[in-house]
Protein chains: 2
Amino acid sequence: MGIFSKTCEYAIRAVFFIAHRTAKGGRVGIKEIASGINSPEHFLAKILQDLSRKNIIRSIKGPNGGFYMDDATLKRRLSEVVEAVDGNSLFTGCGLGLVYCSEINPCPLHNEFKGIRARIYEMLQNTTIEAFNEDLNLGITSLKK
Amino acid sequence: MGIFSKTCEYAIRAVFFIAHRTAKGGRVGIKEIASGINSPEHFLAKILQDLSRKNIIRSIKGPNGGFYMDDATLKRRLSEVVEAVDGNSLFTGCGLGLVYCSEINPCPLHNEFKGIRARIYEMLQNTTIEAFNEDLNLGITSLKK
DNA sequence: TAATTAAAAGATGTTTTTGTCTTTTAATTT
DNA sequence: AAATTAAAAGACAAAAACATCTTTTAATTA
Ligand code: FES
Ligand code: FES
């Protein structure tokens, strides 16, 4: 088990892929995305439908259709993607599973978790989706395998 | 979804509870533990059986039996509990779900994840189970609700 | 406007996680 | 030794996560 759900992992990789692939215009189809990030095609389709509804990415049907990102969506924060898919429990929930995370009734690891959560949130909050395009273009980073 | 599985959350809370409850001798039964950490009794029983087999906690059957911790188990690191339950994927796996996390073929968030993972591991590695007893005794921290 | 394309939506299936209930085993006490 | 106690083990069930397949809808193109 990782920090994110499998769904969220696919979502992030797909969004990176779409951004990288369409930042200069054009569309990309579900087949190419799925194979580009090594994910099950139909499962990913569901995830992207959801992201599209939530305006994290754009999509258009028909010939020459597909998924893409425009200026607005390229500037979205990674935190928005995570929140859209996994909700905000990663940022606000108790690490030990107490119903509420609070200063009044903290679990033994509350302070430590607070720091870690803040760091995760910071990372996701401080980076836009487009920020990773360059490294992907240069082939420095990878989205599959 | 949190950082740990539900199973692991229960495991950590239970281990804290047992440590706190038996550091000065005695045993504690599954019913008391389950109600003390607000977890399903029989599900927790399975988890504790497993932890007992892996020498994270001790147990003994029969009248006056129950779960307890001795000097050796009290000194175990939290990381050992997590690893026993959730494995080490949290510490070594790719945050975006790539099959291998590596410097050679890194995902776009590799460096960020490396830092976060290290911090999580450090927290779990640097603290023994018994380290939390005092705060629990004082009622400063909580294991339920 | 008919054919085609590609995403959206719907239905269904599998696996994993989480949770419950019953029976068995190993200790203790009488 | 028999009764009692409490964990261990096994069987089963529900829910959530993950995945696949089919049908429908909205565009484009011929
Ligand atoms: S109460 Fe557990 S992380 Fe805040
Ligand atoms: S490759 Fe993704 S975290 Fe290292």
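As the structure is a computational prediction, the values presented were derived from the model and not from experiment.

**Observations regarding the nonpolar core**
Line of reasoning, step 1. By size, the foremost hydrophobic cluster in this structure holds 92 residues, and its most contacted members are Phe16(A), Phe16(B), Leu44(B) and Leu48(B).
Line of reasoning, step 2. Those residues in contact with Leu48(B) that lie beyond four places of it in its chain are Ala14(B), Ile18(B), Ile30(B), Ile33(B), Ile57(B) and Phe67(B).

**Thoughts on the packing of helix α5 (residues 78-86) of chain A against helix α7 (residues 110-125) of chain A**
Residues and elements named next belong to chain A.
Line of reasoning, step 1. At a minimum axis separation of 6 Å, α5 and α7 run at an interaxial angle of 115°. Classified by the angle between their axes, α5 and α7 sit roughly perpendicular to one another. Contacts between α5 and α7 involve Leu78, Ser79 and Val82 from the first element and Tyr121, Leu124 and Gln125 from the second.
Line of reasoning, step 2. Grouping the amino acids of the contact of α5 with α7 by side-chain chemistry returns four nonpolar, two polar and no charged.

**Let's talk about the protein's contact with DNA strand C**
Line of reasoning, step 1. What surrounds DNA strand C is a group of 24 residues, the closest being Gly29(A), Lys46(A), Ser59(A), Tyr10(B) and Pro40(B).
Line of reasoning, step 2. Of all DNA strand C atoms lying within 4 Å of any protein atom, the proportion belonging to sugar or phosphate reaches 59%.
Line of reasoning, step 3. Gln49(A) has a polar side-chain atom sitting 3.3 Å from a base nitrogen of DNA strand C.
Line of reasoning, step 4. Here a phosphate oxygen of DNA strand C and a backbone polar atom of Lys6(B) are 3.1 Å apart.
Line of reasoning, step 5. Mapped onto the surface near DNA strand C, the elements with two or more residues apiece are α3 (41-53), β1 (58-60) and β2 (66-68) of chain A together with α1 (6-22) and α3 (41-53) of chain B.
Line of reasoning, step 6. Counting residues per element, the surface near DNA strand C draws most heavily on α3(A), at four residues.
Line of reasoning, step 7. Of the residues in the surface near DNA strand C, the class split is nine nonpolar, 10 polar and five charged.

**Here's the deal with the relation of the copies chain B and chain A**
Line of reasoning, step 1. You can overlay chain B on chain A at an RMSD of 0.0 Å; the transform is a turn of 180° with a shift of 0.0 Å along its axis. A rotation of that kind, with that shift, is consistent with a two-fold axis. Among all residues of chain B, the minimum C-alpha distance to the rotation axis is found for Ile3(B), at 2.6 Å.

**Section: the packing of helix α2 (residues 30-37) of chain B against α3(B)**
Helix-helix packing is described using two parameters, namely the angle between the two axes and the distance between the axes.
Residue and element names in this part refer to chain B.
Line of reasoning, step 1. Packing of α2 against α3 leaves a shortest axis separation of 9 Å and a crossing angle of 110°. Relative to α3, the element α2 is oriented roughly perpendicular. In this structure, the crossing between α2 and α3 has a hand that is right-handed. The residues of α3 that touch α2, namely those facing Ile30, Lys31, Ile33, Ala34 and Ile37, are Glu41, Leu44, Ala45 and Leu48.
Line of reasoning, step 2. The residue inventory of the contact of α2 with α3, partitioned by class, reads seven nonpolar, no polar and two charged.

**Focus: the protein's contact with DNA strand D**
Line of reasoning, step 1. Not every one of the 24 residues close to DNA strand D is listed here, only the nearest: Pro40(A), Phe43(A), Gly29(B), Lys46(B) and Ser59(B).
Line of reasoning, step 2. In the interface set of DNA strand D, defined as its atoms within 4 Å of the protein, sugar plus phosphate atoms amount to 59%.
Line of reasoning, step 3. Note that a phosphate oxygen of DNA strand D is positioned 3.4 Å from one of the side-chain N or O atoms of Thr7(A).
Line of reasoning, step 4. Between DNA strand D and Ser59(B), the relevant distance is 2.6 Å, taken from a phosphate oxygen to a side-chain nitrogen or oxygen of the residue.
Line of reasoning, step 5. Going through the elements one at a time, α1 (6-22) and α3 of chain A together with α3, β1 (58-60) and β2 (66-68) of chain B are the ones with two or more residues in the surface near DNA strand D.

**Topic: the interface of chain B and chain A**
It is common to give the size of an interface as the accessible area that goes away when the parts come together.
Line of reasoning, step 1. With 40 residues of chain B at the interface, the matching set in chain A holds 39 residues.
Line of reasoning, step 2. Roughly 3700 Å² is buried in total at the junction of chain B and chain A, and carbon and sulfur atoms are behind 69% of that figure.
Line of reasoning, step 3. One can count six residue pairs in polar contact (both at pLDDT 80 or more) joining chain B with chain A.
Line of reasoning, step 4. Elements with a contribution of two residues or more to the side of chain B that touches chain A: α1, α6 (89-92) and α7 (110-125) of chain B.
Line of reasoning, step 5. For the side of chain B that touches chain A, the element with the highest residue contribution is α7(B), accounting for seven residues.
Line of reasoning, step 6. When its residues are assigned to classes, the side of chain B that touches chain A shows 24 nonpolar, nine polar and seven charged.

The rules we used
- Residues numbered from 1 in each chain as written.
- Chains lettered and ligands numbered in written order.
- Predicted model: local features only at pLDDT ≥ 70, side-chain atom pairs only at ≥ 80, totals over all residues.
- Heavy atoms only, no water.
- Core = buried A, V, L, I, M, F, W, Y, C linked by side-chain atoms within 4.5 Å.
- Buried < 20%, exposed > 50% of the residue type's maximum accessible area, 1.4 Å probe, protein only.
- Contact = heavy atoms within 4.5 Å.
- Axes fitted to C-alpha atoms, helices over the stretch in contact; angles between N-to-C directions.
- Helix = DSSP H or I, 4+ residues; strand = E, 2+ residues; numbered from the N terminus.
- Parallel < 35°, antiparallel > 145°, perpendicular 65-115°, else oblique.
- Nonpolar A, V, L, I, M, F, W, Y, C, P; charged D, E, K, R; others polar.
- Near = heavy atom within 4 Å.
- Polar contact = N/O pair within 3.5 Å; in protein donor to acceptor, adjacent residues only side chain to side chain.
- Least-squares fit on C-alpha atoms with pLDDT ≥ 70 in both.
- Left-handed = near helix turned anticlockwise from the far one by under 90°.
- Buried area = accessible area lost by both parts, 1.4 Å probe.

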